[in-house]
Every structure is written in C-alpha cells, then in structure tokens.
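Listed below, chain by chain, are the residues.
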Number of protein chains: 2
Amino acid sequence: MSKRILIVGGVAGGASTAARARRIDEFAEIIMFERGPHVSFSNCCLPNHLSGMIENSDDLVLMSPEQFKNQYNIEARVNSEVIKINRDKKTITVKDLQSNKEYEEAYDKLVLSPGANPIVPKIDGYNKSHVFTVRNVIDIDKLNRYVRSGKVKDIAVIGGGFIGVEVAENLQLSDLDINVTLVEAADQIMAPFDYDMVQLLHKEMMEKGVNLIVGDAIAKVEDEHIELASGKTVPAQAVVMAIGVRPETTLAKEAGLEIGETGGIKVDHNYLTNDKDIYAVGDAIEVYNKLTHSKTRLALAGPAQRQARAAADHIYGIPHRNTGVIGSSCVKIFDMNAASTGLTEKAAQKAGIQYDFVYIIPGDIVGLMPENSQFHFKLIYEVPTGKILGAQAIGKGNASKRVDVIAAMIMMGGTLEDLKELELCYAPAFSTAKDPINHASLVALNILNGRFRQVPVTKVRELVESNAYIIDVREVDEYEEGHLINAINIPLSEIRNRISEIPKDVPVYLHCRSSQRSYNAIMALQNMGYDNLYNISGSFLGICCYEYFNDQVSGRDKIVTEYNFN
Amino acid sequence: MSKRILIVGGVAGGASTAARARRIDEFAEIIMFERGPHVSFSNCCLPNHLSGMIENSDDLVLMSPEQFKNQYNIEARVNSEVIKINRDKKTITVKDLQSNKEYEEAYDKLVLSPGANPIVPKIDGYNKSHVFTVRNVIDIDKLNRYVRSGKVKDIAVIGGGFIGVEVAENLQLSDLDINVTLVEAADQIMAPFDYDMVQLLHKEMMEKGVNLIVGDAIAKVEDEHIELASGKTVPAQAVVMAIGVRPETTLAKEAGLEIGETGGIKVDHNYLTNDKDIYAVGDAIEVYNKLTHSKTRLALAGPAQRQARAAADHIYGIPHRNTGVIGSSCVKIFDMNAASTGLTEKAAQKAGIQYDFVYIIPGDIVGLMPENSQFHFKLIYEVPTGKILGAQAIGKGNASKRVDVIAAMIMMGGTLEDLKELELCYAPAFSTAKDPINHASLVALNILNGRFRQVPVTKVRELVESNAYIIDVREVDEYEEGHLINAINIPLSEIRNRISEIPKDVPVYLHCRSSQRSYNAIMALQNMGYDNLYNISGSFLGICCYEYFNDQVSGRDKIVTEYNFN
C-alpha cells in the first residue's frame, strides 16, 4: 500500500520534503498543509518588494498549488491550518480557514515544518494597526501598501537582524520620501558579526541615510511616534517589528512532542521527534552546532533544505550523515557585502573555546583594477590548535566568496596550516596574488608561532588615552592626511636610520595603513633587539572604521585627526 | 657573520623570496638581479594596458629599486643579467647590460627565479619587427605603441591561453578600430576548461567581435598577413605570439643543475636544486601535482609566492609543508567569468584516473534578483570513491567563488558526501538557497549511487542523428521557442497522464531546460517501471551552448530549431 505523508507548512522545509519524497516514491500520497494562502514563496526576497526591486508581490510566490499538483503530483492545501496532532490515531485535525470547517487526515508519516513567528513584545500599543511584521507575502504586501498610502512620513524598524536591516535598507532605497529609523536594543546590529567588524555596517547604514539607534529598545507605540526605553521619542507613523523569531512549537507541544533546551522542537540525528512517525525540520527545530558541541537554533534556508531531504530520505530508509551546523550567512546592505560563518568572538567566548583572531584589510582585487576596494576580513581560530572556527568579511567586493571557502575549511576540520596552502583562483579582476585568505592564515600563524604580537583596534582608544608609545610607519604624506592624535610618524623607509628614537624600555605599538608595513617594521626591530613590540591589527584603516560610528553618535573626543577609509 | 643571499629574477618569486628573507633576518645581505629595467611589476595586468584600463604603463611597475632599498633594505639591481653560476666558487657572474661590464658576486645561498620565456616558433617571418611577445612592461609598451601607430588595421594573436585571450580581449575592448583575430592550434582555447565548457568562452569571444580560429596553426608571417597551416590567410599588420612559455633553464643547465622530466628545473620538497645552496622557485621549476601524483609545470602567481616563502624559510631552517599543487586559475573574458581548479576531464583521462562528472546550469543567484544569470558548473570526481578532482565554472556571475570552494575541498581531500553537507552563505543577491555546489554534489551522488543515468551534451548530436527517442519535458511554450529537431514534447506537468506514449523497449533520453524537471520526470518514470532512461546532463541550455560555436564555424546542420541561452 502506498505511504501517506502529511506535511505541516508549505514553504522551504515543507516543500523540499514533499518534492524529495515524491522523487523517491511516485506512489506516496503527499499532502502539504499551509495556513497562509501561498506555498513555496521566496521568504528571503520579501524585503525587496519594498524597494521595488521586486515590483510585483505575486512574483514572490514561486509555485502555485496547481503547479505542485501538475509537476510533482503533490497536493498543496493552502488556507489550511493544522490545529491538532492526534498521535494515538495517527491523524491531524485541519481547519479550513475559508469555510472554518475542521476535518481529520490520517498519516503514515508526519513532517512538521511550521517555521518561526516574529516576536512582538507586548508593549503599550503593540497591537495598533500601523504595527507590522514581515513573515510572508501577505505581510509584505500590507506593509508596502501602507507605506505607499501617503500616511507615512516616518517609519521605525525595530530590530537590527537580517529582516530589520533589509527592511530598513529597502525602504531607504525605495522611491518613497520616508525617514527610516532602525532601532536595535543591543549595542550593534547583525549578530553574526563582531562589534569591531560591524562598525562598517553601522557606517554604511548611517551614510546611506538610515537613522540608526543602537543600545535602545522600543517601549511604547503611539500613533505618530514611538517611545524608547531611554525616553527618547522617534517619529513613526508605521512600525515594523523585526526583533527576532520564535519557533512555532504550539502544535508540537500540545501533541506532547519534546521541546529542546533552546525552545525549538527536539529532533534526533534523522530529524525525528520523540514520536517515531513524526519528523520536524526548518526554523522550528533545534540543531547541533558542531563547533560549540551544543544545541542551537538556526533560521536559514540552506540547512532547512538539507534537513528536509534527510527527513524524506529517512522515511524511506535512506541513511544520511548529520554533520551538525556551523551557520553561514551573508547580506547585502546598500553597497556593502557582508558574510559570516562559524563562530564569532562572542560565540567562542560564550562556548568557552580558547581562540585568537586576525583582522586584516587587504585589497579585494588588484589595486590597478578600476573596481578595487578595501576588504575587511576577520579570521577566528582555536588556540593552540590553529583549528579554524569562523570568519567574517565585509566590503564592496566578494565577501561571500572568502567566507564560503572558510565554511568549507571548517566543514573539513581545517587548520591555519591548511589555509596557508590553499590554492585559490587568482586573476587581477577577482583577487590578489596573495589571496586574502592565504594572507590571513600567514598572519595568524605568525602570531600563533610567536613571531610577533598584536593588539586589536578595540584597544587603541585605551592606548591613546594612556599615552602609549605608538609609531605610525606610513609615509609622511599619508600621516599628514590623518593620524592617531599622539602617534609618532617614523616611516618604514626611514625606520632603520631612526632606531635611536625608538625606546626599548616601554611597549611600542606600531601601525601603518593596513598592517603590512608595520609588520615588516616589527620584524626589523625585533631582529635589532626590540622585544616589546605590538602590531595594531587592522592598523589605521581598522582604527578609523572602528571609531567612526561611536564618534558620530557619542560626540566623544576623536582619537584621529581625520578619518581615512581608503 | 651575516648571510649573503643572491636572487636571480626580481618579479613574483624573486621579490617574494627577498622580502620574506628580510623579515626573517634583518642582517642578511640580499641582492636581486633583474635582466630587465623593472623589478616587481604586475605581470598579470600587462594585457590591461592595451585596453587603456591601465592607461599608464608605469603603473604596472609596483616597486622601484629605491623602494626596495628604503622599505626592505633589499638591493635590486636592474638591467643586470646573471650569465653564469660558478658553483665551485659559490659566485655568480653578472653582466651589467648598460655598461656591458661583467663582474662576480659571491653567495651563501642563491635563489633562481628566472621565470619563463614566450615560445616563438621559428616559422618564416617569425623575427619580423611587427611580431611581438608579451612578457614584461617593455614588451606591452612596445606593442601598445605599435598598435596605436596607425600602421595596424588587423592584428593576429597566436595562442588561446591566458595571455593570448587577454591580449585579444583587451585589444577588442580598446578604442582602437582594429580587427582582432585569435588563432589557436588546438580545437579549443583555454586549456583549463574542457571542450564542453569552453564553448561558452568561444561564443563570448565571437559575439564580442573577435575573429576566433581554432584547430589551425600559424605557418608564416608576412608583412600584411599571416598564413595558417590550413593555407588560410589572415590579414595582420601586427602579430602577437602567445603560444605558451618555456621555463628559463639555460643558466641552471649550464651550471649542471638537474632539469626535470617536464623541462623545468628539478627541485626537492624545499625548492632546493641538486646543489644544497641553490634554490629555484616560480615558473622555471617543475612541481608535484597532488592529484595525478606526477610532475608538472604551473605558471601561476600564487604558487610562486608560496614557493618563495618556503625557500626563504628553508634557508633559515624553518620547516614547511609541501602539499603539491592542484592548479587553480580564473579569467575574465569580456562579460564572462571563468574559473577552474584541479583536474579537467582531459587531465583525469591522461592521468588514468577513473572519473565521472556532472554539468549543471543553475541560476547564479535567485531568479528574482535583477542581476541573475545562468551559471555553468562542471564537477569532476573520482569513481568509485567520490573524491573531488576538479571543477570548472563559467558565467556572468560568481565563478571564482564556487571554484575556490572546490579548491579548498580538494586540498582537504573532500568527497561528494562532504560537498553535499557544506553550509555556504546564502542571500538572494549572492547565491541560491540550494547552492550550486550543494546541487552539483547531489546530482553526482545520485549518479554514483545509481539512482539515475545521464548522457553528456557532447553525445546529443549523435543521439539526434541516430534518431534516438528524446523527450523534452519543458512546457509547450518553451518547446516552441526552440528545441531539438526530433525531440518529443511531453511536459513534466503532463507526463503522468501520457506515459502510454513513452516506449519501454528503447532507451529514452530526457531533458528540460537545465535538467531539474527532467530529473523529476526520470524519477517518476523509473518508479513506474521504466529502466532505460537517461537524463541529458546540461539539458537544453547545455545543448545550445555546446552546439552553437561549431554550428557557426562549420556551417553543419543545426540539431536545434532555435538556440536559446536563457
């Protein structure tokens, strides 16, 4: 007899499970239930409707129920909410949201892919009609109509994660003349990036006209403005709540399925819940992080598809390998491309993993190429093993490329020694002869091997304020265009003749533009007997990026005479 | 006493060795000898001077001897040819090319980085003054002046490797009104790509106006034209010889240093020649290919830098790991980005390695994004192990990214199973939720696991000519826009109702646009008892690309009613 597979949720995970099951078994009866009116829409492209990049919201819907039926012989029931799992009978209770009728359907195997819900804090005014969330096509359509209704001069987006940032960006990029404010309760947007790296994104948001507020939370929604925890008010005739998502576990919980420590549905190696006939995949489940060896949640499309395939395979006895997750993501924010994989510093600290990192700012491609730009790259590795833990890249250039390579190396358990030997594609239009990845590994190995020491850009203000001895080894003209207020300028080209000026009895901190020349200076000085030298990792480019945003918003004293980002 | 390190050759390998040695040892005496007037110029950017992208040829020179002196305390002697190595005395004989004086310099360690010379076949007229090669800044300057002298209406570039293709492209992109012909003796340009993949590059060259001639060699140079082996004549008032390069080994040979089987200088693990005080690095040496387990030559900048570093390290007793090479390269040809790593099919065949491959044509990024384009990707793997051997990518999108990931996986000994689990960065602007790399590995695993069989696009003409039973499962409107002349159109959406039309007694070949729908059709039909089905790998997009170029140049019968490349 043919199998009856029911699937709750018809977007990424659900649709992928259905399609895979169909390919394995032409005779299975496969039914997807979706509460909303659409199956298989492009979740990730929703915000792009606001800018008009995707003009017609219908385009966001990738497959209709008819297409599922015709192409895959899969039945997709939209406007159909699964309200109960009757595990004893192996049935589900479905509510047809149009007729309001309820009915039961029997399953041999049930797959839960209900996704996650936007979190809306129950603050004053949270349920006003001008408060929006962005979860599906209906939501984005509603928001888009509202901002185009003429009622909105100011909008506040609450939450600086992927969705919040993309919504803010797309509103700002649109032809609408609306003031966009982005409010984030933490001290930074975009958690997949560390505080040092994220300053580039802060800068980009601000420079492109978004009113960015970090370290402040929403406290109250009024008709014409919002009130923040700090007491500050921000004009807003529309509010988008994008604080985060909560896995949709109600159905699972009520059916007595186990919920994990992270709040996601608990699943085993095969994405089976504690019921041997019920699988769960996608944003609603918790997964295993192979780097921290702990459970986590990961709301990403790629892993959801992999889980879906594995679940469908398991239904048919096809084994699979569960390698755990590392979390790779990327985002385009105006002209900046940003990508991250594996552990951030924060995450490594939280997991109690001993780590160190390098932060380099090489060219993305050869400097003679017209499109060349700076490329900010941070590589995090385990100490003392040199095992690669994570990477973050931000720039106008090819960030996702470098981070994808690191993701592959993490997957394979690679170390700095492996990174160093990677043969990556080089042509002047695509990279540099010494690829940024090789470059980062060489710097990291030098540090790991004790060839030189470094201090991060995050410590420079402290150094400046405590009047540390800092040498800027750039050439005089570069120094004059902008420098640390108390750095002494001894260009690399003069350093060998001016060593008498450099003290041996105090720590000496060196930097140049991107750390390449200061590294050479340190090697020379160490050879000449200096043993208390530190390279400022990221050097002047890194210092400027790091200080800029906070200087803008705090009005504190600048530690550089002029910013220079090139 | 301080070490005396002499270096022959002052470009990539030489300059890198010198800089690394200086960082290790501030007190070494380091002298680089360069025959030409420039050290450290951007080899790879030379052709870009022709298009004007790099307007001033002086910009191609990255560091002057003065800068080497000031910044690194390295002496760079230009116009200085090393004409003899006196191994018994541990000296070299240097000829000052300006004064014509000869003198000796003693070394503790000698590093040879002489590079490779353009091959110029000694055909009739090869030494005429309008025959050029492109090896250095002087060469490109000379060529550029000549093509801008008004004497040149037509130019012939001989050789379809990196340099030939880039020279042809840059001439075509320039503001010059010159007819550019590219002549290649083999049946294809760009050896790092297989014949199926390279058709996209052939098409691009032709469409952008280059007169591309493959399978024909230069036989004679006349003042106003060249003559080819076929007897054909091509108008040309200037000829660029870019057939290939030959490692510069004269100096090494005369000194009794061993030359390897490939014609490059033989070196050991540490880039030492058979003289314990003489190293050799860069284009002049032979290296070990870790995939074929054989010696090879590899004229690439990245490996040269790595060798330079290893040689300098070894001088100072710092051990390194020699992982062998795989060869990763990329090139931009007009609007096409192309990248390749590891073994091609050709190379795997030559090495006697059992392999199979997949050729997929997914979207580079999400189809809703304005910049989306087709992405041609070929993945080569060992049979039966699934070990990854190589990849080639061509498209308007991010080719080097995907190939870099494969290069990393090859470095780590990864298999298809590993590729499948890779977590790569996804956002609609950068990739697709099912990344092309994951996608390729899934197709490959299906084939390796015997879930379905495929035939390559290279076999389709044969199938058509032998009247094989071919089903095109695209929708009717797609079929009508262009299809294989004898394909039967049974859309995927109708296939379950029309199985009675499909024969069981003959092999049936299926295709759609990119193979996704035909794969689903095959799975359905196999489930219904069909066991003689083949997916046409690459499907209609692949067929069109494969056939197009040959159709254009041969005038043979078309096997499609209309080409469709989108």
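Please read these numbers as outputs of a predicted model, since none were measured by experiment. (Residues numbered from 1 in each chain as written. Chains lettered and ligands numbered in written order. Predicted model: local features only at pLDDT ≥ 70, side-chain atom pairs only at ≥ 80, totals over all residues. Heavy atoms only, no water.)

1. What about the UniProt feature "domain: Rhodanese" (unreviewed entry) in chain A?
As recorded in UniProt, the feature "domain: Rhodanese" (unreviewed entry) lies at residues 464–550 of chain A. The span residues 464–550 of chain A shows a helical share of 40% and a strand share of 16%, and its end C-alpha atoms are spaced 16 Å apart. (UniProt positions renumbered as here; feature names shortened; annotations may be inferred. Helix = DSSP H or I, 4+ residues; strand = E, 2+ residues; numbered from the N terminus.)

2. Some points on the packing of helix α1 (residues 12–24) of chain A against helix α16 (residues 516–527) of chain B
When two helices pack together, their arrangement is given by the angle between their axes and by how far apart the axes lie. Across the interface, α1 of chain A lies against α16 of chain B with an axial gap of 8 Å and an inter-helix angle of 45°. Comparing their axes, α16 of chain B and α1 of chain A come out oblique. Here α1 of chain A contributes R20, R22, R23 and I24 of chain A to the contact with α16 of chain B, which in turn contributes Y519, N520, M523 and N527 of chain B. Residues of the contact of α1 of chain A with α16 of chain B, tallied by class, amount to three nonpolar, two polar and three charged. (Axes fitted to C-alpha atoms, helices over the stretch in contact; angles between N-to-C directions. Parallel < 35°, antiparallel > 145°, perpendicular 65-115°, else oblique. Contact = heavy atoms within 4.5 Å. Nonpolar A, V, L, I, M, F, W, Y, C, P; charged D, E, K, R; others polar.)

3. As for the sheet that holds strand β16 (residues 238–241) of chain A
Residues and elements named next belong to chain A. An order of β9-β16-β10-β11-β12 is seen for the five strands of this open sheet, with the pairing classed as parallel. Bordering the open sheet on either side are β9 (131–132) and β12 (211–214), each of which pairs with just one other strand. Across five bridges, strand β10 (residues 154–158) lies against strand β11 (residues 179–184) in parallel orientation. For I155, the partnering residue across the bridge sits in β11 and is V180. Contacting β10, β11 and β16, helix α5 (residues 162–173) crosses the sheet at an angle of about 170° to β11. (Pairing = 2+ DSSP bridges.)

4. Focus on the interface of chain A and chain B
Facing the 90 residues of chain A at the interface are 90 residues of chain B. When chain A packs against chain B, the two sides together hide about 7,500 Å² of surface, and 57% of this comes from carbon and sulfur. Connecting chain A to chain B are six salt bridges. For the pair chain A and chain B, the interface holds 31 residue pairs in polar contact (both at pLDDT 80 or more). Of the residues forming the side of chain A that touches chain B, the biggest block, nine residues, is contributed by helix α10 (residues 399–411) of chain A. In terms of residue class, the side of chain A that touches chain B is made up of 44 nonpolar, 24 polar and 22 charged. (Buried area = accessible area lost by both parts, 1.4 Å probe. Salt bridge = Lys/Arg side-chain N within 4 Å of Asp/Glu carboxyl O. Polar contact = N/O pair within 3.5 Å; in protein donor to acceptor, adjacent residues only side chain to side chain.)

5. Some remarks on the relation of the copies chain A and chain B
The two copies are related by a screw motion: chain A maps onto chain B through a turn of 180° and a shift of 0.0 Å along the axis, at an RMSD of 0.0 Å. Between the two chains, the operation in question is that of a two-fold axis. The share of interface residues of chain A whose copies in chain B are also at the interface is 100%, consistent with both copies meeting through the same surface. (Least-squares fit on C-alpha atoms with pLDDT ≥ 70 in both.)

6. Focus on α1 of chain A
End to end, α1 of chain A covers 19 Å across 13 residues, agreeing with the expected 18 Å (1.5 Å per residue, within 8%). Among the 13 residues in α1 of chain A, twelve count as buried, and that is most of the element. (Expected span 1.5 Å × (residues − 1). Buried < 20%, exposed > 50% of the residue type's maximum accessible area, 1.4 Å probe, protein only.)

7. Focus: the pairing of strand β24 (residues 375–382) of chain A
All names here are of chain A. Among the eight residues of β24, seven are classified as buried, and the element is accordingly described as predominantly covered. With six bridges joining them, strand β23 (residues 355–360) and β24 adopt antiparallel strand pairing. Bridge pairing in β24 places Y359 opposite K378. Here seven bridges tie β24 to strand β25 (residues 388–395), and the two strands are oriented antiparallel to one another. Counted as the bridge partner of F375 is G395 from β25. Hairpin connection, β24 to β25: the antiparallel pair is bridged by five residues, and G386 has positive phi, about 75°.

8. Here's the deal with the domain arrangement of chain A
According to the domain assignment, chain A contains domain 1 (4–44 + 56–114 + 248–315), domain 2 (131–243), domain 3 (330–448) and domain 4 (454–554). Averaged C-alpha coordinates put domain 1 of chain A and domain 4 of chain A at centres separated by 56 Å. (Domains from an automatic or database assignment.)

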